[in-house]
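A look at the structure
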Amino acid sequence: METALTRLVGVRHPIVQTGMGWVAGPRLVSAAANAGALGVLASATMTLDQLRAAVREVRARTDAPFGVNLRADAADAGERVRIVVDEGVRVASFALAPSRELIAELKAAGVVVIPSVGARRHAEKVAAWGADAVIVQGGEGGGHTGEVATTVLLPQVVDAVDVPVVAAGGFFDGRGVVAALAYGAAGVAMGTRFLLTSDSPVPDAVKARYLAATVRDVTVTRAVDGLPHRMLRSELVGALEDAGRARALLRAVRHAAAFRRLSGLTWRQMARDGLALRHGKDLSWSQVLMAANTPMLLRSAMVEGRTDAGVMASGQVAGVIDDLPSCAELVERLMGEADGVLAVLEGFRAVR
């Protein structure tokens, strides 16, 4: 299936596997790329050396195009951009809107720039700055999310910008692919659906928690880092929501120190990242400090398998997913279902 997205990035199918921290490593990204989707490597939890090594490992596993997801507000964003350019990565995606300067640097090197946005005004801004496409995530999506549903946000963005739009939030099957195309999107991006594949490195016990979840078991909480965060309900999430301010801050300090050791960042760099996070948001300094909870709590579940001590970011679609196909099986199924839906729709038109 050829769309503006497949032509732009050179993949066979209009499907993007999103850059999920601790999940979207070389194994998952290369499997998604080999299946014909755009695999995206999550770099925010990697050191610079780990990022370069991960890019090279993906390249050793696949000849297909792939991308790297970057934090535009990170203190070392410029260094990470240079790695992407030096290593010849096809696509750079961003969880937050990159600056005009970062976009220009990447585009000058021939890298396709695809920021993720959660509002029409953000899409308009990055498109005006030269972004090649945008991923628009509605409130159904996992991780940090907004309040507007994909079915409302997507057509707003499609009508507002002249670049390809990729729909995210609530997609898991071929019906969703066709629905997104009907709204004017050039493809869909999925996180939870790719997390729940046999190629995902997430421990089996954690995958089992996702598969057992109903749509009512996926919630949005501010207790982890002060921002709306969609994840599976768990005993830990309940404890965080019930914890007093002092206990929450003490936990945040411990996790900040642990993440500093793991990431190799200095306290000064972490402070700069905190300032960037606070920019444009009504966050207190205590909320900024609480943001250090996120990478370590996610790591506890996604790497160590500690569902009792970690959090599990999740889209609402976790409640309707019940299997663990390989990436190849998943993409083949999605496109087969999409073809079937298109055939049915064509039949409706013929009847008229």
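Here is a short report on the structure shown in this document.

The rules behind these values
- Residues numbered from 1 in each chain as written.
- Predicted model: local features only at pLDDT ≥ 70, side-chain atom pairs only at ≥ 80, totals over all residues.
- Heavy atoms only, no water.
- Helix = DSSP H or I, 4+ residues; strand = E, 2+ residues; numbered from the N terminus.
- Buried < 20%, exposed > 50% of the residue type's maximum accessible area, 1.4 Å probe, protein only.
- Contact = heavy atoms within 4.5 Å.
- Areas by Shrake-Rupley, 256 points an atom, 1.4 Å probe, with all protein chains shown as cover.
- Pairing = 2+ DSSP bridges.
- Axes fitted to C-alpha atoms, helices over the stretch in contact; angles between N-to-C directions.
- Parallel < 35°, antiparallel > 145°, perpendicular 65-115°, else oblique.
- Left-handed = near helix turned anticlockwise from the far one by under 90°.
- Salt bridge = Lys/Arg side-chain N within 4 Å of Asp/Glu carboxyl O.
- Right-handed = clockwise from strand over helix to strand, strands pointing away.

This paragraph deals with the overall build of the protein chain. Across its full length, the protein chain holds 16 helices and 11 strands. The proportion of buried residues among the 352 residues of the protein chain is 54%. Counting only contacts in the protein chain whose residues sit at least 6 apart along the sequence, the fraction spanning at least 24 positions is 62%. Within the structure as shown, the protein chain displays about 15300 Å² of accessible surface, and the carbon and sulfur contribution to it stands at 52%.

The strand order around the closed barrel formed by 8 strands is β1-β2-β3-β4-β5-β6-β8-β9, and the pairing between neighbours is parallel. Here the average twist between neighbouring strands, direction ignored, is 25°. Judged from the 4 bridges that link them, strand β2 (residues 38–42) and strand β3 (residues 66–70) form a sheet pairing that is parallel. Bridge pairing in β3 places G39 opposite F66. Contacts from helix α6 (residues 120–128) reach β5 (112–117) and β6 (134–137) within the one sheet, and its direction differs from that of β5 by about 165°.

It is worth spelling out the packing of helix α4 (residues 77–86) against helix α5 (residues 100–108) at this point. The geometry of a pair of packed helices is captured by two quantities: the angle between their axes and the separation between those axes. Interaxial distance between α4 and α5 falls to 10 Å at its minimum, and their mutual angle equals 15°. Classified by the interaxial angle, the pair formed by α4 and α5 is roughly parallel. Crossing angle aside, the handedness with which α4 passes α5 is right-handed. Along the contact surface, α4 presents A77, V81, R82, V84 and V85, while α5 presents L102, E105 and L106.

The subject of this paragraph is the pattern of salt bridges. A side chain of one charge can pair with a side chain of the opposite charge if their charged atoms are brought near each other. Tallied over the entire structure, the rule returns 13 salt bridges. In this structure, R61 and E57 form a salt bridge, with 3.2 Å as the shortest nitrogen-oxygen distance. Taken together, the residues R61 and E57, both in helix α3 (residues 48–61) and 4 residues apart, mark about one turn of the helix. We classify R61 as partly exposed; its relative accessible area is 42%.

Our focus in this paragraph is the pairing of β3. With 5 of 5 residues buried, β3 lies mostly within the body of the structure. Burial along β3 is two-sided: the residues F66, V68 and L70 and G67 and N69 are all buried. For the crossover that starts at β2, traverses α3 and ends in the parallel β3, the hand is right-handed. Where β3 meets strand β4 (residues 91–94), 4 bridges bridge the pair, whose relative direction is parallel. Along β4, the bridge assignment pairs N69 with S93. Handedness of the crossover joining β3 and β4 through α4 is recorded here as right-handed.

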